[in-house]
Amino acid sequence: MNPVKTFLKKHLSRDEVFLSILLLVTPLAAFYLMQFAYSGGLPWEYSLNVLLANYLCIGVVHFTLCAVTNYIVVCSILTHILCCIWGIANHYVSLFRGTPILPWDFTALGTAAAVADSYQFSLNLPMAISILLIAAMIFLLRKKLKTGRFRPSKNRLRVTYLCAILLCAYPVLQPNALGYLGIETDVWDQSKSYSQDGALAVFLRNTQFMSVEEPKDSSEENLNRIVSGVTDHTPAVSTDTRPNIVAIMNESWADFEDFGNLSLSKSVTDYIDSLDNCIQGHSYTSVFGAGTSASEFEFLTGNSMAFLPSGSIPYQQYVLEPTASLASLLKENGYRTLAIHPGERTSWQRNQAYPLLGFDQFKCVEDMDVPLTEEHGYVSDQSSFNQIIYEFEHKSPEERLFLFNVTIQNHGSYTVENYPAEVTLTDEPGKYPMAEQYLTLANKSDEAFQLLVDYFSHQDEPTIILMFGDHQPSVEQEFLDKVYGITQDNMTMEQYMDKYKTPFLIWANYDLPDDQIPTSSLNFLGQYLLSYAGIEASTYENYLTDFQQKLPAMTFVGYVDANGKAYSHLETNDYTSMIEDYRTFAYDNLFGGQTRHAQYYQAP
């Protein structure tokens, strides 16, 4: 007789053999189910190292459940359900914002809940099949739900479970160990990483970015060396009376027409393109499809997301004490500082971050003083801009106001039924309904901005307005391929950076220089705004002005030199030491704590 069969027959019953197989196979089957629900991945598409890595990650959960309950069948079903939910959740998050769930997203659940109603959730075929497979599993194992448990001696069982948990736990507790199995993260294409290497293993691998990398030399001596080379820049405009300053971060405002590959029924920037006394250009962002607060952070502080973990949320993770920003600098210059966002007060924890950034007041949707209209379920830009006008109508003439307005009208998703598309593609009308809904909204932003400019054109108080986009919208990938004229797999670094390009404009009711700013990034826009407002910059902002003369754009994705050549942060070149100096200065600004050199971030 076969010795294996003899051993099994002597030591294990038929049910216990079944339970042993179920116990060991569950993490593997649950992985396949998770990937199928997430991206339609099939079993033969994954290498052995990917299977092993994800087996260990799922196994630590599964074996722990079994150790606690000893009900193998119940735990197997539960593990499959949890993995299926994880796969589906990552699919929807990737669909709506372009990246799957990242470790830092769990600090933004309130924000996600606030906008979830605007998205349409529908099951695709892989999801439906996954749910049916779980239902079939429950049906087939229904008789063993209560009886499906091991009954050997408790000590032997505990040792077995403990060994399994310990074997699986190491790569979970030390995610860097997953690298030995070939599990890596692609910070520029997280969705692809999750699809190829497993939605759970890559998620855990991303936790390595949760700690901020300290500069190579953050000493006071090194910082003083950096500061010693900073130039004092004279503002581009000299004003006898300080102007009111309005900065508008327009949700998902992109300039798809600039790529030259679209034929639209009407331009969505007709009015803005016709403006006189207006400086226009494009700036690069660090996020795509979502991550508004990261763009706010870069604009307000001058710090770059390039020095922070992938997908991190500075408002919730790092702005935990008073932090230098445009608001704090202008407050030192005698401005009243006001932030307005027609959304939830706690979104991205703005209610906690704004006061720390130097804002005197924050108004959310429930604080707005003007009648509210909506576009596809969100407060319209017209209402948002009317609130700006209201604030100027109700301030004293002597008061100078810095108003930072974050709009919400153009927020995804773009799948609202019965919302007519007023802007269509002339060559393929109706083929991209999400894109056409977005373009219709962008056109309404153009119309609303005309009302704002018309108002301030007739005001005596000098006022300057900056409007910029926080990121491009997440619409049909086929439409984006059409816009860019190339698929992502074939993009050069310059073309890939263009995915993160949004427009900006600076207009004032007083004369501006006839300047051109063809390329910038959000962390540098504030320096232009101060210069054209005639405000003396801090040492840090003067440093940023120096920096952008050599590298006019610097983002999490990469950077662009003065000749328009784009670079990845993964390469070492002549700019590496310069970027390390920027990292050192920014680190002192954000993480200096009690030893932070406050004088470098204050008004002169």
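Use the structure listed above.
Here goes a summary of the coordinates provided. (Residues numbered from 1 in each chain as written. Predicted model: local features only at pLDDT ≥ 70, side-chain atom pairs only at ≥ 80, totals over all residues. Heavy atoms only, no water.)

### Remarks on the overall build of the protein chain
A count of helical and extended segments in the protein chain gives 22 helices and 13 strands. A separation of at least 24 residues holds for 77% of the contacts in the protein chain among residues at least 6 apart in sequence. Accessible surface, the protein chain as shown: approximately 26200 Å² in total, 55% of it carbon and sulfur. (Helix = DSSP H or I, 4+ residues; strand = E, 2+ residues; numbered from the N terminus. Contact = heavy atoms within 4.5 Å. Areas by Shrake-Rupley, 256 points an atom, 1.4 Å probe, with all protein chains shown as cover.)

### As for the packing of helix 16 (residues 381-393) against helix 17 (residues 433-457)
Two numbers describe how helix 16 lies on helix 17: the axes approach to 8 Å, and their chain directions differ by 15°. The orientation of helix 16 with respect to helix 17, classified from their angle, is roughly parallel. The handedness of the crossing between helix 16 and helix 17 comes out as right-handed. Note on element contacts: helix 17 touches helix 16 through Ser445, Ala448, Phe449, Leu451, Leu452, Tyr455 and Phe456, opposite Asp381, Gln382, Phe385, Ile388, Ile389, Phe392 and Glu393. Counted by class, the contact of helix 16 with helix 17 contains ten nonpolar, two polar and two charged residues. (Axes fitted to C-alpha atoms, helices over the stretch in contact; angles between N-to-C directions. Parallel < 35°, antiparallel > 145°, perpendicular 65-115°, else oblique. Left-handed = near helix turned anticlockwise from the far one by under 90°. Nonpolar A, V, L, I, M, F, W, Y, C, P; charged D, E, K, R; others polar.)

### Remarks on the pairing of strand 8 (residues 463-469)
The element strand 8 is largely enclosed, with a buried count of seven among its seven residues. Because side chains alternate across strand 8, one face comprises the buried residues Thr463, Ile465, Met467 and Gly469, and the other comprises Ile464, Leu466 and Phe468, equally buried. As paired elements, strand 1 (residues 244-250) and strand 8 share seven bridges and run parallel to each other. Bridging from a neighbouring strand, alanine 247 pairs with leucine 466 of strand 8. Note: strand 8 against strand 9 (residues 501-508), five bridges, orientation antiparallel. (Buried < 20%, exposed > 50% of the residue type's maximum accessible area, 1.4 Å probe, protein only. Pairing = 2+ DSSP bridges.)

### Some points on empty space enclosed by the protein
Within this structure, the stated rule accounts for four cavities of 30 Å³ or more. Computed from the structure, the largest cavity encloses a volume of approximately 80 Å³. Looking at the largest cavity, the residues that line it are Val212, Glu213, Phe297, Asn303, Ser304, Phe307, Leu308, Arg583, Ala586, Tyr587, Leu590 and Phe591. Counting residues per element, the lining of the largest cavity draws most heavily on helix 22 (residues 576-591), at five residues. Of the residues in the lining of the largest cavity, the class split is eight nonpolar, two polar and two charged. In this structure, the second largest cavity spans a volume of roughly 50 Å³. Considered class by class, the residues forming the lining of the second largest cavity number four nonpolar, four polar and one charged. (1 Å grid on protein atoms, 1.4 Å probe; cavity = no way out; pocket = protein on both sides within 12 Å on 5 of 7 lines; lining within 4 Å. Points joined across faces, edges and corners; volume = space filled by probe spheres on them.)

### Topic: the pattern of salt bridges
Applying the stated criterion across every chain yields a total of 17 salt bridges. With a shortest N-O distance of 2.7 Å, arginine 225 and aspartate 581 are connected by a salt bridge. Of this pair, arginine 225 sits in helix 10 (residues 220-228) while aspartate 581 sits in helix 22, and the two are 356 residues apart along the sequence. Using a relative accessible area of 42% as the deciding quantity, one classes arginine 225 as partly exposed. Owing to a relative accessible area of 18%, aspartate 581 belongs among the buried residues under this scheme. A salt bridge links lysine 482 to aspartate 427; the nearest nitrogen and oxygen atoms lie 2.9 Å apart. Separated by 55 residues along the polypeptide, lysine 482 in helix 18 (residues 477-484) and aspartate 427 in the loop between strand 7 (401-406) and helix 17 bring together distant segments of the chain. (Salt bridge = Lys/Arg side-chain N within 4 Å of Asp/Glu carboxyl O.)

### Details of the sheet that holds strand 12 (residues 559-560)
Sheets are built from strands that pair by backbone hydrogen bonding, the pairs being arranged parallel or antiparallel. As summarised here, the arrangement of the three strands in space is 11-12-13, forming an open sheet in which the pairing is antiparallel. Each edge of the sheet is formed by a strand with only one pairing partner; in this case those strands are strand 11 (553-554) and strand 13 (566-567).

### So, helix 22
Between its terminal C-alpha atoms helix 22 stretches 21 Å, which fits the 22 Å expected from 16 residues at 1.5 Å a residue. Within helix 22, 13 of the 16 residues are buried, which leaves the element mostly enclosed by the surrounding structure. Following helix 22 by one or two positions, glycine 593 adopts a phi angle in the positive range, close to 60°. (Expected span 1.5 Å × (residues − 1).)

### Things to note about the nonpolar core
Counting 50 residues, the largest nonpolar core has Phe299, Phe402, Phe404 and Ile464 as its most contacted members. Listing elements by their share of this core, those giving two or more residues are strand 1, helix 12 (292-301), helix 14 (326-332), helix 15 (350-357), strand 7, strand 8, strand 9 and helix 20 (522-532). With residues near it in sequence (within four places) discarded, phenylalanine 404 still touches Ala247, Met249, Glu296, Phe299, Leu300, Leu338, Ala339, Ile340, Tyr354 and Phe359. Judged by nonpolar contacts, the second largest core, of 33 residues, contains Phe288, Ala435, Phe479 and Met497. (Core = buried A, V, L, I, M, F, W, Y, C linked by side-chain atoms within 4.5 Å.)

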